[in-house]
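# Summary of structural features
Here's the letter readout for the chains.
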Amino acid sequence: MDPFSVMANSILAIFSVMQLGLIPIMAEGETTVFGAVGEQVILPCIDKSHSDGVTWKYNDLVVIQHQTRLLRGKTPLVSRSELNKQEMSKGNFSLILSQLEHSDAGKYVCVVGSRTFKVQLQVFEVTGSPSGYLLQGDNLTLSIQGSSSASVTWSNNRKDKVTATQSRELKNGGLSLQIHNLQAEDSGTWRFHITSLSAKLDIPYKVLVIGFHNLNQETLYKAVNSTVSFSYSLSTHLLQIRELEYVRGGLEWKEMISSKYLEKFNFNVTSKELLLSKQMANMQVTWKPSNHLEVKLPRVQFKDAGWYQCQFTVSRGRVEKAIHLVVMTVSADPVGPLSKWANVTLLCKLSAPIPPNAQLFWEHVNGTEKKLNMSGPSEVKVKTKTVGLWRCSLKVENNMMTSIDYTVVKAAEWNSYVLIWAGVGAGIVLLLLASLCTFICTARQRRRRRAEKMARARRDLIERRTCQCQRQLKNDYSNA
């Protein structure tokens, strides 16, 4: 038999089957539909040759029926099933199921006239352990409830496909995802994707992580008397956390890495705002609506250096972040104008040891003198006679972090001459005063001696006169 005869016989056989009424059997097929717990799903049933009359069954029990009027069965999902009457007139008899439950999974049958459509419903749910909000550093396991041979994948909150890494583990054929060491950046919507030839489904799962963005230790290098500002950015709005439970926070400070933190201030979160218990005199604290706690030191001092740690406490635990403030200061010995033949020692000091990949150095601005950090682990000295502008700088990996300027001033020459002549003049004045005092004292002594001589002379004269009078009187008596 030639090929054309075989083809003709095949075509006749197909027409014969159609005439025997086997078209309903050919129309019967099974469609797979994916649904998520708590969501809505549409089970398709379309027959353009009919405009009315449909019966939906689940496990041989009538779910809903519409012939001349709408009738409902007695299955548990009756109250959650609907038909779109406007679409029925167009031949669309699809069943709408709301608030899906795991028990809704199974086979559904749609009967329209003499045609039968089968729908396999698979219901999935993503669960998280632990449930609810999480803290920075916690571990989370996302699991799928429901089974299927379809392809499954996960995507993170940035819509990137999740692959197995040290902090991400896929188990049970991808039906389970373990996320280790959660960070603030992991907050958001993660998704489970399931795909087959006839259906696909994305199930979102909201991950809420309470923590700080950029948890890596931050180090700020600032010059003394400068203004310092730093902030702590939360992953979640505090008022959103407050809706869950009581929230308490605070700012702590310690001078060295080995010392204990001391509380600077604390605050409570009410239903409307953040209440500070106290405000430090040298510190300004501002709460930004975008989940930022900003701290400002208007004129930072060397004693203000150290670690500033912000912490939030909830019932599940505590999250915290520390910022290291390193302060630079400079000094000179001696202080003041530099005389012509004198030296000055300039000292530049950090509040913390110099990092291994950093340089602390003095340099003469617009000059050639430069001194690297060879004096100690946190300071550098330079001994110089050079006047002018000196600058102490800190570079970390060739990036300038901070610097301070110090001007060495030379004592003016005319000031030296003035001092010399002033000294000479003062010596002359003192000499004149001494000479005058000596002259006055000598004159007084001379006058005193002259007075004493005159007094003795008068006494001698009086004594002689007295003696002469007595002698004359005696003579007179003798003559008589």
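What comes next concerns the included structure. This is a predicted model, so every value here is computed, not measured. (Residues numbered from 1 in each chain as written. Predicted model: local features only at pLDDT ≥ 70, side-chain atom pairs only at ≥ 80, totals over all residues. Heavy atoms only, no water.)

## Quick word on the overall build of the protein chain
The secondary structure content of the protein chain amounts to five helices and 32 strands. Long-range pairs, those at least 24 residues apart, make up 58% of the contacts in the protein chain with a sequence separation of at least 6. If you sum the accessible surface of the protein chain, you get close to 29200 Å²; carbon and sulfur atoms cover 54% of it. (Helix = DSSP H or I, 4+ residues; strand = E, 2+ residues; numbered from the N terminus. Contact = heavy atoms within 4.5 Å. Areas by Shrake-Rupley, 256 points an atom, 1.4 Å probe, with all protein chains shown as cover.)

## What to know about the side chain of Ser94
Examined against the element boundaries, Ser94 turns out to sit in the loop between helix 3 (85-88) and strand 7 (95-97). Here Asn92 takes part through its side chain, which lies 2.7 Å from a polar atom of the side chain of Ser94. Residues within four places of Ser94 in sequence aside, it is in contact with Ile42, Leu43, Pro44, Cys45, Ile46, Trp56, Glu82 and Leu83. (Polar contact = N/O pair within 3.5 Å; in protein donor to acceptor, adjacent residues only side chain to side chain.)

## Let's talk about the pattern of salt bridges
The full count for this structure, using the stated rule, is 14 salt bridges. Glu87 is the partner of Lys90 in a salt bridge, and the nearest nitrogen-oxygen pair spans 3.9 Å. Residue classification places Glu87 among the partly exposed residues on the basis of a relative accessible area of 26%. With its nearest N and O atoms 3.8 Å apart, the salt bridge here joins Arg248 to Glu263. A residue pair is termed long-range when its members are at least 10 positions apart, and Arg248 in strand 20 (residues 247-254) and Glu263 in strand 21 (residues 262-269) qualify at 15 residues. Here the residues in one salt-bridge network are Arg80, Glu101 and Asp104, joined through shared partners. (Salt bridge = Lys/Arg side-chain N within 4 Å of Asp/Glu carboxyl O. Buried < 20%, exposed > 50% of the residue type's maximum accessible area, 1.4 Å probe, protein only.)

## Regarding the nonpolar core
Counting 33 residues, the largest nonpolar core has Phe230, Tyr232, Leu251, Met283, Tyr308, Phe312 and Leu325 as its most contacted members. Among residues more than four places away in sequence, those in contact with Met283 are Leu251, Lys264, Phe265, Val295, Lys296, Leu297 and Tyr308. (Core = buried A, V, L, I, M, F, W, Y, C linked by side-chain atoms within 4.5 Å.)

## What to know about the environment of Ile42
By the secondary structure assignment, Ile42 is in strand 2 (residues 41-43). Ignoring anything within four residues of it in the chain, the contact list for Ile42 reads Val33, Ser94, Leu95 and Ile96.

## Remarks on a positive patch on the surface
A cluster of like positive charges, contributed by Arg444, Arg446, Arg447, Arg448, Arg449, Arg450, Lys453, Arg456, Arg458 and Arg459, occupies part of the molecular surface. The topology assignment puts Arg447 in helix 5 (residues 413-479). (Patch = residues over 30% accessible without salt bridge, like charges linked within 9 Å, V, L, I, M, F, W, Y side chains within 5 Å. Lys, Arg positive; Asp, Glu negative; His and termini not counted. Charge placed at Lys NZ, Arg CZ, Asp CG, Glu CD.)

## Overview of the state of the cysteines
In total, this model carries two disulfides according to the counting rule given. Between the sulfur atoms of Cys348 and its disulfide mate Cys392 the distance is 1.9 Å. Looking along the S-S bond of the Cys348-Cys392 disulfide, the torsion reads about -80°, which is the left-handed sense. On the criterion of sequence distance, the pair formed by Cys348 in strand 27 (residues 344-350) and Cys392 in strand 31 (residues 388-396) is long-range, its members being 44 residues apart. Grouping residues by exposure puts Cys348 and Cys392 together as buried. For Cys441, which is in no disulfide, the shortest distance to another cysteine sulfur is to Cys437 and amounts to 6.4 Å. (Disulfide = S-S within 2.5 Å.)

## Some points on the sheet that holds strand 2
Whether parallel or antiparallel, the strands of a sheet pair through hydrogen bonds between backbone atoms. Spatially, 2-7-6 is the arrangement adopted by the three strands of the open sheet, whose pairing is antiparallel. The sheet is open, and its two borders are formed by strand 2 and strand 6 (81-83), each paired with just one other strand. Strand-to-strand, the axes of this sheet are offset by a mean angle of 30°, without reference to chain direction. (Pairing = 2+ DSSP bridges. Axes fitted to C-alpha atoms, helices over the stretch in contact; angles between N-to-C directions.)

## What about the sheet that holds strand 12 (residues 151-155)?
Here we have three strands laid out as an open sheet, ordered 12-15-16, and antiparallel in their pairing. Pairing within the sheet leaves two strands with one partner each, and these edge strands are strand 12 and strand 16 (200-207). Taking the axes of each pair of neighbouring strands and ignoring which way they run, one obtains an average angle of 15° across the sheet.

## Brief notes about the packing of aromatic side chains
On inspection of all chains with the given rule, the structure shows ten aromatic pairs. Look at Phe212 and Phe312: their rings are 5.8 Å apart centre to centre, the planes differ by 40°, and that puts the pair in the tilted class. With Phe212 in the loop between strand 17 (209-210) and strand 18 (218-223) and Phe312 in strand 25 (residues 306-314), this pair connects stretches of sequence that are 100 residues apart. Comparing Phe212 with Phe312, the two get one shared label, buried. Within the aromatic cluster, the residues linked to one another by ring pairs are Phe212, Phe230, Tyr232, Phe265, Phe267, Tyr308 and Phe312. The ring of Trp307 carries Lys254 above its face, with NZ or CZ at 5.9 Å from the centroid. Taking the ring centre of Tyr133 as reference, the NZ or CZ of Arg316 above it sits at 4.9 Å. (Phe/Tyr/Trp six-rings, centres within 6.5 Å; stacked < 30°, edge-to-face > 60°. Lys NZ or Arg CZ within 6 Å of the ring centre and 35° of its normal.)

## Remarks on the pairing of strand 3 (residues 54-58)
Of all five residues in strand 3, four are buried, a share of seventy percent or more. With five bridges joining them, strand 3 and strand 4 (residues 61-66) adopt antiparallel strand pairing. Its bridge partner being in strand 4, Val54 is matched across the sheet by His66. Connecting the antiparallel pair strand 3 and strand 4 is a turn made up of two residues, with Asn59 showing a positive phi of about 55°. Where strand 3 and strand 8 (residues 106-112) come together, four bridges link them in antiparallel fashion. By the bridge assignment for strand 8, Trp56 is matched with Cys110.

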